[in-house]
Amino acid sequence: MPPTHSRLRRSRRTSTRHHASRLAVIRTDVDILTAREQGRALATALGFSPADRVLVATAISELANNIVRYAKRGVIAVRVAQHPRTKGITVVASDDGPGIENPGLAVRDGYSTSGGLGLGLPGVRRLMDEFHLESGLDAGTTVTVTKWLTPPDGLERAG
Amino acid sequence: MHAELNPVMKSSRRAERGPATDVAATVTDGDYAAALRLNLSSGREPGLGSAYLLGRSAVNAHRGLIDLVLLHHAALAAALPTDVSDEERRKLIGAAGDFLAESLSPYEMAYRGFLEANAALVGVNATLEGEARRVARLLHDGAGQILFALQLALTELDRALPAHLAPILAEIRGLTQQLDDQLHCHSRELYPVVLEDLGLFSALRQLVEGLDRRSRVVCSFECGVSDRPRAEIEFAVYRAVQEALTNAMKHARAHHVCVRLSRERDWLQCSVADDGIGGVAELSARPTRTGLGLTSIRERMKLVGGTVEIRSAKGQGTEIVLRAPLVETRTPQFRGTR
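As the structure is a prediction and not an experimental result, all values here were calculated from the model.

Visitor: Residue-level account of the overall build of chain B, with values.
Guide: For chain B, the helix and strand inventory stands at 12 helices and 5 strands. Across the 338 residues that make up chain B, the buried fraction comes to 40%. Here the contacts in chain B between residues at least 6 apart in sequence split such that 70% fall between residues at least 24 apart.

Visitor: Break down the packing of helix α3 (residues 50-71) of chain A against helix α5 (residues 120-127) of chain A for me, citing the residues and quoting the values.
Guide: Residue and element names in this part refer to chain A. One can describe the packing of α3 onto α5 by two numbers: an axis separation of 10 Å at closest approach and a directional angle of 155 degrees. When the axes of α3 and α5 are compared, the pair comes out roughly antiparallel. The way α3 lies across α5 gives a crossing that is left-handed. Packed against α3, whose contacting residues are L55, T58, A59, E62, L63 and N66, the element α5 presents G120, L121, V124 and L127 at the interface. Class assignment of the residues belonging to the contact of α3 with α5 gives a composition of 6 nonpolar, 3 polar and 1 charged.

Visitor: Explain helix α2 (residues 29-46) of chain A to me, using residue names and the numbers behind them.
Guide: For α2 of chain A, spanning 18 residues, the distance from its first C-alpha to its last is 26 Å, which sits close to the expected 26 Å at 1.5 Å a residue. Where α2 of chain A is concerned, the buried positions are D31, I32, A35, R36, Q38, G39, R40, L42, A43 and L46 of chain A. Next to the buried residues of α2 of chain A lie β1 (22-26), α3, β2 (74-82) and β3 (87-95) of chain A together with α4 (44-60) and α6 (86-160) of chain B. With its phi angle positive at about 95 degrees, G47 of chain A sits one or two positions after the end of α2 of chain A.

Visitor: Tell me what's going on with the side chain of S271 of chain B, and back it up with residues and numbers.
Guide: All names here are of chain B. Mapping S271 onto the fold places it in strand β3 (residues 267-274). A distance of 2.8 Å separates the side chain of S271 from the side chain of E319, its partner in a polar contact. Leaving out residues up to four positions away in the same chain, S271 has contacts with C258, V259, R260, E319, I320 and V321.

Visitor: Residue-level account of α6 of chain B, with values.
Guide: A rise of 1.5 Å per residue sets the reference length of α6 of chain B, with its 75 residues, at 111 Å; its end C-alpha atoms lie 106 Å apart and thus fit the reference within 8%. Of all the bends found along α6 of chain B, the most pronounced is centred on S105 of chain B and spans about 35 degrees, while P106 of chain B, a proline, follows it within four residues.

Visitor: Before we move on, could you go through the pattern of salt bridges and cite the residues and values that matter?
Guide: Inspection of the entire model under this criterion finds 25 salt bridges over all chains. Note that R56 of chain B is salt-bridged to E62 of chain A, the shortest N-O span being 2.6 Å. With R56 of chain B in helix α4 and E62 of chain A in helix α3, the pair connects residues from two separate chains. Side by side, R56 of chain B and E62 of chain A carry an identical accessibility label, which is buried.

Visitor: Can you explain the sheet that holds strand β4 (residues 130-135) of chain A? Please cite residues and give values.
Guide: All names here are of chain A. Taken in spatial order, the 5 strands line up as β1-β2-β3-β5-β4 in an open sheet, and their pairing is antiparallel. Whereas interior strands pair on both sides, the edge strands pair on one side only; in this sheet they are β1 and β4. On average, each strand axis in the sheet is tilted by 15 degrees relative to the strand beside it, whichever way the strands run. α2 rests against β1, β2 and β3 of the sheet, and its axis sits at about 160 degrees to β1. Relative to the sheet, α3 contacts β1, β2, β3 and β5 (141-148), its axis offset from that of β3 by approximately 10 degrees.

Visitor: Requested: an account of unusual backbone geometry, with residues and values cited.
Guide: Glycine aside, the phi torsion of most residues is negative, and most peptide linkages are trans. Phi at D138 of chain A takes a positive value of approximately 60 degrees, unusual for a residue other than glycine. Positive phi is not limited to glycine here, since H62 of chain B has a value of about 60 degrees. Residue position: H62 of chain B is located in the loop between α4 and α5 (65-79).

Visitor: An account of the packing of aromatic side chains is needed here, citing residue identities and associated values.
Guide: All names here are of chain B. According to the stated counting rule, one finds 3 aromatic pairs over all chains in the structure shown. Taking the centre distance of 5.3 Å and the plane angle of 20 degrees together, the rings of Y191 and F235 count as stacked. Pair noted here: Y191 is in the loop between α7 (166-190) and α8 (193-198) and F235 is in helix α10 (residues 231-251), with a separation of 44 residues, a long-range link. On the basis of relative accessibility, which here comes to 12%, the residue F235 falls in the buried class.

Visitor: Which residues make up the pairing of strand β4 (residues 307-311) of chain B, and what values do they have?
Guide: Residue and element names in this part refer to chain B. Here β4 runs beside strand β5 (residues 318-325); their pairing, made up of 5 bridges, is antiparallel. From the neighbouring strand, R311 faces β5, where its bridge partner is E319. Hairpin connection of β4 to β5: 6 residues between the antiparallel strands, including G315 at a positive phi of 80 degrees.

Visitor: Report on the environment of Y52 of chain B, specifying residues and quantitative values.
Guide: Here Y52 of chain B is to be found in helix α4. Remark: the alpha-carbon pair of Y52 of chain B and A101 of chain B, spanning 49 residues in sequence, is separated by 8.6 Å.

Visitor: Help me get a handle on the nonpolar core, residues and values and all.
Guide: Of all hydrophobic cores here, the largest spans 55 residues; its most connected members are I26, L63, I76 and L121 of chain A together with Y32 of chain B. Ranked by residues supplied to this core, first place goes to α3 of chain A with 8 residues. With sequence-adjacent residues up to four places away left out, L63 of chain A is seen in contact with I76, V91, A93, L121, V124, V143 and V145 of chain A. In terms of nonpolar packing, the next biggest core, distinct from the first, is built from 42 residues, L245, A248, L261 and L268 of chain B among them.

Visitor: Hey, could you go over the packing of α7 of chain B against α10 of chain B for me, with residue numbers and the actual values?
Guide: Residue and element names in this part refer to chain B. Viewed as axis vectors pointing N to C, α7 and α10 meet at an angle of 125 degrees, and their least axial separation amounts to 11 Å. In this view, α7 runs oblique relative to α10, as classed from their interaxial angle. Across the interface between the two elements, R188, E189 and L190 of α7 pack against Y238, R239 and Q242 of α10.

Visitor: An account of a nonpolar patch on the surface is requested, with residue identities and associated values reported.
Guide: A contiguous nonpolar patch, built from Y111, F114 and L115 of chain B and spanning about 280 Å² of accessible area, is present on the exposed surface. Along the chain, the position of Y111 of chain B falls in helix α6.

Visitor: Tell me about the sheet that holds β5 of chain B, and name the residues and values.
Guide: All names here are of chain B. The mixed open sheet is built from 5 strands, whose spatial order is β1-β2-β3-β5-β4. Of all strands in the sheet, those bounded by a partner on one side alone are β1 (218-223) and β4. The average angle at which neighbouring strand axes cross in this sheet is 15 degrees, direction not considered. Pairing geometry for strand β2 (residues 256-264) and β3, over 8 bridges, is antiparallel. Paired with V259 across the two strands is V272, which belongs to β3. Contacts from helix α9 (residues 200-214) reach β1, β2 and β3, with the element oriented near 165 degrees to β1. The sheet contacts of α10 involve β1, β2, β3 and β5, and relative to β3 the element is tilted by about 10 degrees.

Parameters and conventions
Residues numbered from 1 in each chain as written. Chains lettered and ligands numbered in written order. Predicted model: local features only at pLDDT ≥ 70, side-chain atom pairs only at ≥ 80, totals over all residues. Heavy atoms only, no water. Helix = DSSP H or I, 4+ residues; strand = E, 2+ residues; numbered from the N terminus. Buried < 20%, exposed > 50% of the residue type's maximum accessible area, 1.4 Å probe, protein only. Contact = heavy atoms within 4.5 Å. Axes fitted to C-alpha atoms, helices over the stretch in contact; angles between N-to-C directions. Parallel < 35°, antiparallel > 145°, perpendicular 65-115°, else oblique. Left-handed = near helix turned anticlockwise from the far one by under 90°. Nonpolar A, V, L, I, M, F, W, Y, C, P; charged D, E, K, R; others polar. Expected span 1.5 Å × (residues − 1). Polar contact = N/O pair within 3.5 Å; in protein donor to acceptor, adjacent residues only side chain to side chain. Bend = angle between axes of the 7 residues up to and from the residue. Salt bridge = Lys/Arg side-chain N within 4 Å of Asp/Glu carboxyl O. Pairing = 2+ DSSP bridges. Phe/Tyr/Trp six-rings, centres within 6.5 Å; stacked < 30°, edge-to-face > 60°. Core = buried A, V, L, I, M, F, W, Y, C linked by side-chain atoms within 4.5 Å. Patch = residues over 30% accessible without salt bridge, like charges linked within 9 Å, V, L, I, M, F, W, Y side chains within 5 Å. Areas by Shrake-Rupley, 256 points an atom, 1.4 Å probe, with all protein chains shown as cover.

Structure below.
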């Protein structure tokens, strides 16, 4: 590895050390609060508006509740997201639970038990700028969502 | 399945099944007040977490947004201690605001869902309209042209045919004419292709003259406007006049119908008047076909920022006055949280 590259890596690590990745193991409702608190703290440190901080906490709640309800146990990690022109917060919710048979369906309204009110995973998708779901039967589920401080061009949600 | 979750609140199950009157009580005022009190007196995140769950089950229970805010207001008034300093009071009110914001977050989710669904609906509508337009074009330009050529050929045949066969040919020509009429009628119902080709004024003239020819009602057309309005105005007015004329023909028992176009400052005004039985207001109060027609006229005009006025006293005929703005006005758009 060229020396310049390693120096770059080291300097980046120093600059984001005070709000590096945080993990919360999710088993019960109390753990959900821990994850929310970690997400809120990182969003505040990054300079998100009060409204956006609430939305980040809400997304974490939805994802963590899914873990408690369907997988019993999982992990929620929050970390800084890097982009050449902005920064953001990434939330990764992962579990090794039963998984979702059809991930494409799960992010559509009407599939969920809220009867198309726009809550659940479709709601999380709309609260955040980026949404990625990986799952399969007996393969666990990983949902990765990111919210940018200022959505970079072309990354904004359509509509 | 791992798609949706329910708040861990005891009442949420009932909320999903019960009728609207029952579910309104799902987030009891007591639940909310207790959670707010807890939030003001103890740690931050537990209170906010429960605020979010309360809001979520309120959305699920179809509880109104204003209702929830009023509930918050009352709960705050009751929970705020009187024997504290102004400084402490400000802090508590701030914390209560955070609590409220958190409980409204699920409403924000639902609202964004609504915006997305609405945009999708507009898209679907445009697609359907485009498809109707395409099929109407095919009927009008494709089948219509072949039929026209057929009619020309029949005319030629008429000259060459022995006299004793003339009645048969006359019948064939009559049937062909009927086919032509039907084709144009259906094509126009799908999409008035003639609008694109001729513009609103000529298209309306053609529509009125066609009715005049085909029915026993005397139909006349007067146009005092020269500049063509925008395409969406042309489309809305054409469709509305079509509906109004259908009503007049089918229900009004009129002898005369007159379509009159004029310009009133920045408004295009179009009146469809008949000398029929009137009393449309009483008719449209009942769910009849007439009522449906009027509803669709109103909706079409509303869509382009226009208005509809109906004068229809019993026994004195009916006049429907459509007004559409000729100057485009932009409706302010709400931008969201950013």
